[in-house]
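# Fold and contact review
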Amino acid sequence: MLVLGLMSGTSADGIDAALARISGAPPKLKTKLLGHTSVKFPTALRKEILHVAEGRLITANELSQLNFRLGEVFADAALEACARFRVSRSRVDLVGSHGQTVFHQGRPAFFFGRKMASTLQIGEPAVIAARTGITTVGDFRPADMALGGQGAPLVPYADYLLYRHAKLGRVSLNLGGIANITIIPAAAKPSQIFAFDTGPANMLIDALVTHFTRGRQRYDKDAKTAMTGRGIPALLDELMRDPYFRQKPPKSTGREYYGDAYVKKVLALGERHRAKPADVIRAATFLTALSVVDALCSFVLPKVKIHQLIVSGGGARNPLILAQIEAALPGIEVLPSSRFGVPEDAKEAFAFALLAYEAFHQRAANLPSATGARGPAILGKISYAPPRG
Ligand SMILES: Nc1ncnc2c1ncn2[C@@H]1O[C@H](COP(=O)(O)OP(=O)(O)O)[C@@H](O)[C@H]1O
Ligand SMILES: [Mg+2]
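Bear in mind that the values here come from a model prediction, so they are computed numbers and not experimental data.

### Description of the site of ligand 1
Near ligand 1 there are 20 residues, and of these S11, G177, D206, D222 and G314 occur at the shortest range. In this structure, an oxygen atom belonging to ligand 1 sits 2.8 Å away from a main-chain N or O atom of G177. Contact distances for ligand 1 include 2.9 Å between an oxygen atom and a backbone N or O atom of G314. When isolated, ligand 1 has an accessible area of 580 Å², and the protein chains bury 90% of it. For the shell around ligand 1, a count of residues per class yields 2 nonpolar, 9 polar and 9 charged.

Structure representation (structure tokens):
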């Protein structure tokens, strides 16, 4: 099958698209990435998404409209991707669309007298199926949560299929808005895979850059600003004292915790330490690297021998994050995911192409050891393409 994966993460920087040829079934599943690209959100829409994801009050009317509007944006991205790949849409068998997360409560919290966990990804799959004429799988997370799981992370299934090795222990690190890791011990069985979010990554850096440049810059390209900053150990120490880092996995986090309020806290801390903008951005960059290293040292390396760390996500292009991680983990080889056939920017979109393929074949694709679910779940809901007349 030709499957197009669509992904927009917590950074809400745009829609990543990955086209893959997939055949067979695990453990003999064969995949080949044929192309990948990225399509930006219209600026006003991105702002609206960030507002909603921050928990700003909106009406059901607005949420419903935004769901359908994003469906159109995702459909446009799918068609634009096909055009760029020079692949006719009629040749694409399936779309897997993660959608845009606007709310994620992984651990149950009290709601009307009962503890509830829930999640909401928008970008209506029925709209994508109708506009592209391609059957679309969306809404991957609820099935896992309905079985008591956190609905995240889901990418470990792809990590397992891509990176499992008979002799080498590997960690897959994705540096998106949030940083997350998947641990794949040598010769691992699916039940031995575990994964969790280590903390903030680009989300914090982006927010600080946007703040200091009043929106003229959206991210710290190649860590240029962070590299001019001064290191302030006391500031970094305080940032590292965040209780999330001490929480035992499985755990997941997002904009609900590391959003605006958190950024304000970091800015206030920066002022208290008389940090200049570049110093704060440097601290946030080091925080990303150190919280990953800390998570590995606390929760992974004491239990599992790790030989290689495979990095993907936009943050894989941040040389300062990578240099810090490499320096702190002697004996572990740090490699970009492109060395394994999936470019850094295509990894998550590729994973949702794979998950859509599994959903289409009615196979479970959550890893209960990673999400905490009571058992296997077939992830996703299928919106069929309108019948061809
Ligand atoms: N050349 C670069 N230098 C530094 N950071 C980069 C670079 N390219 C991308 N990024 C970072 O990666 C982020 C996007 O990462 P991505 O993996 O798409 O995250 P998400 O899954 O949350 O959308 C950007 O917002 C930016 O912070
Ligand atoms: Mg992105």
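### Remarks on the nonpolar core
Core analysis: the biggest nonpolar cluster contains 55 residues, and L173, I183, L208, V300, L309 and I325 have the highest contact counts within it. Ranked by residues supplied to this core, first place goes to helix α12 (residues 277–300) with 13 residues. In this structure L208 touches V263, V266, L267, V280, I281 and A284, once residues within four positions along its chain are discounted. Core analysis: the second largest hydrophobic core is formed by 38 residues, F350, L354, A356 and L379 among them.

### Re the pattern of salt bridges
Side chains that differ in sign of charge can pair as their charged atoms come close. In this structure the tally under the stated criterion is 15 salt bridges. Its salt-bridge partner being R131, residue E72 comes within 3.8 Å of it at the nearest N-O pair. Note that E72 is positioned in helix α2 (residues 60–85) and R131 in helix α3 (residues 125–132), a separation of 59 residues in sequence. For K221, the salt bridge goes to D222, with nearest N and O atoms at 3.8 Å. The structure contains a network of salt bridges with shared partners spanning E72, D76 and R131.

### Observations concerning a nonpolar patch on the surface
Together, F111, F112 and M116 make up an exposed nonpolar region whose accessible area comes to about 400 Å². With respect to the helices and strands, the residue F112 is situated in the loop between β5 (100–111) and β6 (114–122). For F112, a relative accessible area of 76% puts it in the exposed group.

### Comments concerning the pairing of β5
A regular strand places its side chains so that they alternate between the two faces of the sheet. Alignment of β5 against β6, held across 8 bridges, turns out to be antiparallel. Residue pairing across strands places T101 opposite Q121, the latter belonging to β6. From the end of β5 to the start of β6, which pair antiparallel, there are 2 residues, and F112 there has a positive phi angle of about 50°.

### Here we look at helix α13 (residues 319–328)
All of the buried residues in α13 are L320, I321 and I325. Angular distribution of buried residues about the axis of α13 spans 130°; they occupy a single face of the element. Of the surrounding elements, those touching the buried residues of α13 are β8 (170–175), α6 (202–212), α7 (224–228), α12 and β11 (308–312).

### Examining the layout of surface pockets
Quantified by volume, the second largest pocket comes out at close to 720 Å³. Those elements that place two or more of their residues in the lining of the second largest pocket are α1 (43–53), α6, α10 (255–258) and α11 (260–272). In terms of residue class, the lining of the second largest pocket is built from 7 nonpolar, 7 polar and 10 charged.

### Focus: unusual backbone geometry
Residue P27 is reached from P26 by a cis peptide bond, and omega for that bond is 5°. As for its position among the elements, P27 is in the loop between β2 (15–23) and β3 (30–39). The linkage connecting A152 with the following residue, P153, adopts the cis geometry, with an omega of -10°. Within the secondary structure, P153 sits in the loop between α4 (142–145) and α5 (156–163). If you check the backbone angles, D139 has positive phi at about 55° while not being a glycine. Position of D139 relative to the elements: it lies in the loop between β7 (136–138) and α4.

### Considerations on the packing of α6 against α12
Running from N to C, α6 and α12 point in directions that differ by 170°, and their axes come no closer than 9 Å. When the axis of α6 is compared with that of α12, the two are roughly antiparallel. The residues of α12 that touch α6, namely those facing L204, I205, L208, V209 and F212, are P277, V280, I281, A284, T285, L287 and T288. Among the residues making up the contact of α6 with α12, the classes are represented as 10 nonpolar, 2 polar and no charged.

Cut-offs applied
Residues numbered from 1 in each chain as written. Chains lettered and ligands numbered in written order. Predicted model: local features only at pLDDT ≥ 70, side-chain atom pairs only at ≥ 80, totals over all residues. Heavy atoms only, no water. Near = heavy atom within 4 Å. Polar contact = N/O pair within 3.5 Å; in protein donor to acceptor, adjacent residues only side chain to side chain. Areas by Shrake-Rupley, 256 points an atom, 1.4 Å probe, with all protein chains shown as cover. Nonpolar A, V, L, I, M, F, W, Y, C, P; charged D, E, K, R; others polar. Core = buried A, V, L, I, M, F, W, Y, C linked by side-chain atoms within 4.5 Å. Buried < 20%, exposed > 50% of the residue type's maximum accessible area, 1.4 Å probe, protein only. Helix = DSSP H or I, 4+ residues; strand = E, 2+ residues; numbered from the N terminus. Contact = heavy atoms within 4.5 Å. Salt bridge = Lys/Arg side-chain N within 4 Å of Asp/Glu carboxyl O. Patch = residues over 30% accessible without salt bridge, like charges linked within 9 Å, V, L, I, M, F, W, Y side chains within 5 Å. Pairing = 2+ DSSP bridges. Arc of directions from axis to C-beta. 1 Å grid on protein atoms, 1.4 Å probe; cavity = no way out; pocket = protein on both sides within 12 Å on 5 of 7 lines; lining within 4 Å. Points joined across faces, edges and corners; volume = space filled by probe spheres on them. Axes fitted to C-alpha atoms, helices over the stretch in contact; angles between N-to-C directions. Parallel < 35°, antiparallel > 145°, perpendicular 65-115°, else oblique.

Read these as geometric descriptors, not functional statements.
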